[in-house]
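Chain residues, written in single-letter form:
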Amino acid sequence: MNRESGLYKNGKRWWLLVKPIVGENVPRSTGTEDLRLANRIAIMLSEFREDRALQPWLTRAASGVVTLSVLYDHRSRGTLDVLAAQLEAATVVDTDIDPLVEKWITEHLVGRSISEGLRRDYERQIRTFIPEGVRFPRSSFTEDTLKAILNGLTDARSKLPLTGSTKRRYIAPLRLFYRYARKRVAGDPIENPFEEADWLPENNPARTTHWDHATALKVLDDMSGAAQAKMTLIFGTGMELGASQELNDLHLREWKSRLVTAPGTKNESRRDRTVYVDRWAWERVAFLKAMLTQPMSEVELRNAFYEAQVRQGIILEPTKSKSGKKLWKTVNPHTIHDARHSYCYTRLLGDDGEPRQSVKFCSHQLGHGSEQMVMLIYGKCNMEERIKQLELAEAREEGRRQG
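Parameters and conventions
- Residues numbered from 1 in each chain as written.
- Predicted model: local features only at pLDDT ≥ 70, side-chain atom pairs only at ≥ 80, totals over all residues.
- Heavy atoms only, no water.
- Helix = DSSP H or I, 4+ residues; strand = E, 2+ residues; numbered from the N terminus.
- Buried < 20%, exposed > 50% of the residue type's maximum accessible area, 1.4 Å probe, protein only.
- Contact = heavy atoms within 4.5 Å.
- Areas by Shrake-Rupley, 256 points an atom, 1.4 Å probe, with all protein chains shown as cover.
- Patch = residues over 30% accessible without salt bridge, like charges linked within 9 Å, V, L, I, M, F, W, Y side chains within 5 Å.
- Salt bridge = Lys/Arg side-chain N within 4 Å of Asp/Glu carboxyl O.
- Lys, Arg positive; Asp, Glu negative; His and termini not counted.
- Charge placed at Lys NZ, Arg CZ, Asp CG, Glu CD.
- Core = buried A, V, L, I, M, F, W, Y, C linked by side-chain atoms within 4.5 Å.
- Pairing = 2+ DSSP bridges.
- Axes fitted to C-alpha atoms, helices over the stretch in contact; angles between N-to-C directions.

A.B. asks: Sorry, what's going on with the overall build of the protein chain here?
C.D. replies: In terms of regular secondary structure, the protein chain is built from 17 helices and five strands. In the protein chain, which comprises 403 residues, the share counted as buried stands at 44%. Long-range contacts, defined here as pairs at least 24 residues apart, represent 61% of the contacts in the protein chain between residues at least 6 apart. Accessible area of the protein chain: about 22,000 Å², with a carbon and sulfur share of 51%.

A.B. asks: Mind showing me how you'd approach a positive patch on the surface here?
C.D. replies: A contiguous patch of positive charge on the surface is contributed by Arg112, Arg179, Arg182, Lys183 and Arg184. Along the chain, Arg184 turns up in the loop between α8 (164-181) and α9 (213-221). Relative accessible area serves as the criterion here: at 46%, Arg184 is assigned to the partly exposed category.

A.B. asks: Looking at this structure, how should I read the nonpolar core?
C.D. replies: The tendency in soluble globular proteins is for nonpolar side chains to be buried as a group. If you look at the biggest cluster of nonpolar residues, it comprises 39 residues, and the most contacted ones within it are Met231, Leu233, Phe235, Met239, Trp255, Val260 and Phe305. Mapped onto this core, the elements with two or more residues apiece are α9, α10 (225-237), α11 (241-245), β4 (259-262), α12 (279-285), α13 (298-311) and α14 (336-349). Per-element tally for this core: the top contributor is α10, with seven residues. Leaving out residues up to four positions away in the same chain, Met239 has contacts with Leu233, Ile234, Ser244, Leu247, Val260, Ala262, Arg273, Val275 and Arg340. Membership of the second largest hydrophobic core comes to 29 residues, among which are Leu100, Ile126, Phe177 and Val185.

A.B. asks: I tried to follow the sheet that holds strand β1 (residues 8-10) on my own but got confused; where do I start?
C.D. replies: Within a sheet, neighbouring strands are paired by backbone hydrogen bonds and run either parallel or antiparallel to one another. Taken together, the three strands give an open sheet; going across it, the order is β1-β2-β3, and neighbouring strands pair in antiparallel fashion. Edge positions in the open sheet fall to β1 and β3 (26-29), since each of these has one partner strand only. Across this sheet, the average inter-strand angle for adjacent strands is 45°, counted without regard to direction. Bridge analysis of β1 against strand β2 (residues 13-18) gives three bridges, and the strand direction is antiparallel. Bridged to Lys9 within β2 is Trp14.

A.B. asks: I would appreciate a short explanation of the pattern of salt bridges in the present structure.
C.D. replies: Side chains that differ in charge, positive against negative, can pair when their charged atoms come close. What the rule picks out here adds up to 16 salt bridges. The salt bridge partner of Asp278 is Arg347, with a shortest N-O separation of 2.8 Å. Of this pair, Asp278 sits in the loop between β5 (273-276) and α12 while Arg347 sits in helix α14; the two residues are 69 residues apart in sequence, bridging distant segments of the chain. By the burial criterion, Asp278 is buried, and Arg347 matches it. Linked through salt bridges whose partners overlap, the residues forming this network are Asp98, Glu102 and Arg127.

A.B. asks: Hey, could you run me through the pairing of β5 in this one?
C.D. replies: Only one face of β5 is covered, namely the face carrying Arg273 and Val275; the face carrying Thr274 and Tyr276 is uncovered. By the bridge criterion, four bridges tie β4 to β5 in an arrangement that is antiparallel. Its bridge partner being in β5, Val260 is matched across the sheet by Val275.

A.B. asks: What is the right way to look at the side chain of Asp278 in this model?
C.D. replies: Of the residues examined, Asp278 reaches a relative accessible area of 4% and is grouped as buried. Not counting the four nearest positions on each side in its chain, Asp278 is found in contact with Phe235, Gly236, Arg258, Tyr343, Arg347, Asp352 and Glu354.

Note that all results are geometric; they support no functional claim without further evidence.
Right, here's the structure in full:
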């Protein structure tokens, strides 16, 4: 960061905070990678703050009505009056796209083959950028405006900035809305804010967390009741959390054959599927079968699973937020979703003494639409680790045969 000017790098470009006449500072891109040019833009804004007649330009820049690069070009050429006239004329045809969002939600999203939950997520996410009932000019649907809003979002629980993967989930409905709106807005078409990829958030590195069978057993033995039963079933089938939460007695009617029906929960096209329960898990859960259908919230299950990891010394005790909630992300626990990864490794390697299974078998157990997903999960493990795991499994098998 350049302390004198307040400039800072965001991606490849220089950014700074613009202070409008009324309101809080707003981060805006200078539109350039050239530090010298960015400094001149910062100096221009300082001059605007000192000149009452020029102060309205600060508000226009902060609100995204005009970009800093365009403002600087006109100031350098002495044509701010021309720019003011252009902006005034533009406001006449600068369509408010807030009403279009409502049409997109009620007409377009309803016609798409997506789950009701995802539809609600899209509505919530698009309204984060374009609040309902608030005028949002077409000209404000720009890279700078959207990026500033995105970078200001925080997690509702931890109050920490959103991760790259979460930010990308906000980008998805924005892209869909842009494709819908660009043909339906009067006047000039909306410029594509996604044309430059350097501002789009990157996904977090793919998680490679998986446990060997012995570690999973150690943590499960430290748990009790419904939490122990549910996590044992997930580790022993690869079933997703949502499916395990929807189990009822009908789904367990083939329990004696080590079969469980995993309810389809992800979307409207996801159907129920029958999955096999690993023998070790079936034997352990036999006397806890009734607890598999016992109601338990995701938060309760997750906390019970994480607390067991702390007690077993696998992760540290996490710090707490001001409200007293434990910030589990700070200690990187083995998540409930990671348990599915551990199941996949165990089944492909035969790490628990049962026969190894094929990628096709694991794909069905996990509920993936194709075997490529399993190959992707398995491919996260580097070659040395894969060889090490295979050799360990072979050694254990040999020991069992000789013993």
